[in-house]
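Notes for the structure review
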Amino acid sequence: MCGIVGYTGNKECRDILINSLRKLEYRGYDSAGIAVIENDRIKTVKAKGKINDGLVKKLEEEGHLSAVTGIGHTRWATHGEPSDINSHPIGNGRVTIVHNGIIENYRKIKTFLTEKGYVFESETDTESVAKLLDYYYTGNPIEAISKAVTDIEGAYALGIIFRDYPDMIYAVRKDSPLIVGIGEGEMFIASDMTALLEYTKHYYLLEAGEIASISKSGALFCDLHGNKIKKEVQTATWDVSEAEKGGFEHFMLKEIHEQPDAVRKTISPRIKDGLPCFDECGLTDDMLRNYKHIFIIACGSAMHAGMVGKYIIESLARTPVIVDIASEFRYRNPLLCDKDLVVIISQSGETADTKAALELANEVGADTLAFVNVVGSSIAREAKMVMFTYAGPEISVASTKAFMVQNALMYLLAFRVAYARETIDENECRRLVSVLETVPDKIGECLKDLDPYKKAASKLMGADSLLYIGRGLDYALSMEGSLKLKEISYIHSESYAAGELKHGTISLIHNGMPVIAVTTQSELLPKTVSNMREVKSRGAYVVDVCPDGIKIDSDCADFIITIPSAEDLIMPLIAVVPLQLIAYYSAVLRGNDVDKPRNLAKSVTVE
Ligand code: F6R
């Protein structure tokens, strides 16, 4: 959470900082601010609210800024409410910082510094670091930074400017990401590469415990003892246009439309001679045969991809799979051993709970395999094996294309586990792969006519609560549909295994309450249809998502969304599209900020 940027070069930095911050706004948008060095003074402008609502207006009032070095921040509040005073940058004249992360021992530092005469203004944990840097600063920035980060506990990526060094930016990190962008005669820092794509594709990855001293001509790196470190230049594969809306009204809609391509890009390189291939990460059939248990650990939508994975791996490979929410897994003393495989799923690769679960699995000695979208992210670096999802940058806070490709990789894994364990033969494995290869076109078909989704969304407008129901794979999918709807439309919704309704939840059904049923699993169809009839006869307004060719009686559903049919096993990859679009149009109709829903941030780097 929180995005940080920095620029030093020959150009005026104000607009570059704002432009880069806009690209990171998905990381948090409670407030934003910049600090620049101008006429030997650090000047800070910051405001509550989104960049355009607060910061840009304040900057207009400030007038022209000629500074060529500065740092910027967009905040997801953790300590202290969203307000001007709690916004970053935070400093005190000699040193000013932007921070992403949480300082756990900030109270102790604050008490210490208060005794030394420092007066605190904000409620943030960050202010304790800014003042600690000032306390240790005697003219040598590296020394002050080394001493300060030795005292602090917690997660941090810090961008730091010192008044005495007007052409320099300093950076240090632990557990929160930070990169140093390399331009021509200019250098940058950023929480992730999407902020910099417009300016450069080349960057250094700052590792934990490394300090970067950055001037317009380059960056020097050292450890906390001042020992020099040589770093390799990395090159981003993402394109600047991928981080733009490209004519769509929202990133979410654009990203939904990018799904066919994202699936193709993710699966094609992993299919060799018609079979799924995991050579790139070193996962062999021998290993897959011998794992005692398979765990899948993730949060939110990524966890739902894990739920789909559980159903397909168990059904094809007849091997048990345990899916866990990362925040639960890490604290429940899991029955995990060095003969297990732990699959970690994360779009950002920075989710704090997921990362902690990965570290736990690594400690136990289990094999860890990460499905990650962001190259160079912490999870990608810490997992023993990594497979990247090739979704490109996902900017909308609500995950769509990343969820899609997490699933696509999960299918390839399921096919390979089953093949390795000989529960399917080579022909069947090839056949399943070819079925998977039809998915991009089927998603494309779902996107041809968006009217049914708009209509379905309009039926939800009056509701303050609704249910998603399904059985088997449809149940896994209804969890995702329900999460997507509530996070962006703010309509309360729950997902239920359709057969479970009558054990309590059905009492919620009242006249006109919407129920969204997913009926893609032919074997379970008669059962789910009965459940739909049960809720409809009690007054529910039933919307059904159903494959082409299946007839649903009018006493079971009020509104039917027909999607292309395919083999039951792969239907989640198709049926999720209407669920994403129903959520999308519900949020649009309600006038919500679709890409930046309230209280949320894209990358959840706090517990
Ligand atoms: C929902 C959503 C979140 C993320 C979750 C995990 O639309 O995007 O539920 O799936 O926060 O994030 P990653 O995948 O970055 O670990």
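In what follows, the accompanying structure is described. These numbers were taken from a predicted model, which means no experiment stands behind them.

1. Let's talk about the sheet that holds strand S2 (residues 31-38)
An order of S3-S2-S4-S1-S10-S9-S11-S15 is seen for the eight strands of this open sheet, with the pairing classed as antiparallel. Edge strands, defined here as strands with exactly one partner in the open sheet, are strand S3 (41-48) and strand S15 (234-235). Alignment of strand S11 (residues 202-205) against S15, held across two bridges, turns out to be antiparallel. Bridging across to S15, His202 finds its partner in Thr235. Sheet strands in contact with helix H1 (residues 14-24) are strand S1 (3-8), S2, strand S4 (69-75) and strand S10 (187-190), and its direction is about 155° off that of S1.

2. Side note on the side chain of Ser146
Relative to the helices and strands, Ser146 is located in helix H5 (residues 141-151). Residue contacts for Ser146: discarding those within four places in its chain leaves Ile211 and Leu224.

3. A look at the pattern of salt bridges
Taken as a whole and judged by the stated rule, the model has 42 salt bridges. Here Asp338 ties to Lys339 by a salt bridge, and the two come within 3.6 Å at their closest N and O atoms. In this structure Lys339 comes out as partly exposed when scored by relative accessible area, which is 48%. A salt bridge links Lys536 to Asp558, with the nearest nitrogen and oxygen atoms 2.8 Å apart. Placement of Lys536 in helix H18 (residues 525-536) and of Asp558 in the loop between strand S26 (541-547) and strand S27 (559-563) is noted, with a sequence separation of 22 residues between them. Residues joined by salt bridges that share partners form a network here, namely Lys174, Asp175, Lys355 and Glu359.

4. Some points on helix H11 (residues 352-364)
In this model H11 runs 19 Å from its N-terminal to its C-terminal C-alpha over 13 residues, within 8% of the 18 Å that 1.5 Å per residue would give. Among all positions of H11, only Ala352, Asp353, Thr354, Lys355, Ala356, Ala357, Leu358 and Ala361 are buried. Along its buried surface, H11 packs onto strand S18 (294-298), helix H10 (326-329), strand S20 (341-346), strand S21 (367-372) and helix H12 (378-382). Immediately downstream of H11, the backbone of Gly365 shows phi near 95°, a positive value.

5. Some words on the packing of aromatic side chains
By the definition in use, this model includes eleven aromatic pairs. With a centroid separation of 6.4 Å and 90° between ring planes, the pair formed by Tyr165 and Tyr170 is classed as edge-to-face. By relative accessible area, Tyr165 is classed as partly exposed at 28%. For Tyr170, a relative accessible area of 5% puts it in the buried group. Ring centres of Phe188 and Tyr199 lie 5.4 Å apart, and the angle between their planes is 25°; this geometry places the pair in the stacked category.

Analysis parameters
Starting afresh in each chain, residues are numbered from 1 along the sequence in its written order. Selection of residues for local features in this predicted model requires a pLDDT of at least 70, selection of side-chain atom pairs for listing and counting requires 80 or more, and totals for whole chains, interfaces and linings are taken over all residues. No hydrogens and no water enter the side-chain calculation; it runs on all heavy atoms of the structure. Paired strands are those between which DSSP finds at least two bridges. Numbering goes from the N terminus for both helices and strands, where a helix is a DSSP run of H or I of at least four residues and a strand is a run of E of at least two. The contact criterion used throughout is that any non-hydrogen atoms of two residues lie within 4.5 Å. Under this scheme, a helix contributes an axis fitted over its contacting stretch, all axes are lines through C-alpha atoms, and angles between N-to-C directions fall in the 0 to 180 degree range. One speaks of a salt bridge when a side-chain nitrogen belonging to Lys or Arg is within 4 Å of a carboxyl oxygen belonging to Asp or Glu. Under the scheme applied here, a residue whose accessible area is under 20% of the maximum for its type counts as buried, over 50% as exposed, and between as partly exposed, the area being computed with a 1.4 Å probe on protein chains only. An expected span of 1.5 Å times one less than the residue number is assigned to each helix. Aromatic contacts are taken between Phe, Tyr and Trp rings whose centres are within 6.5 Å, Trp giving its six-membered ring; a plane angle under 30 degrees counts as stacked, one over 60 as edge-to-face, and the others as tilted.

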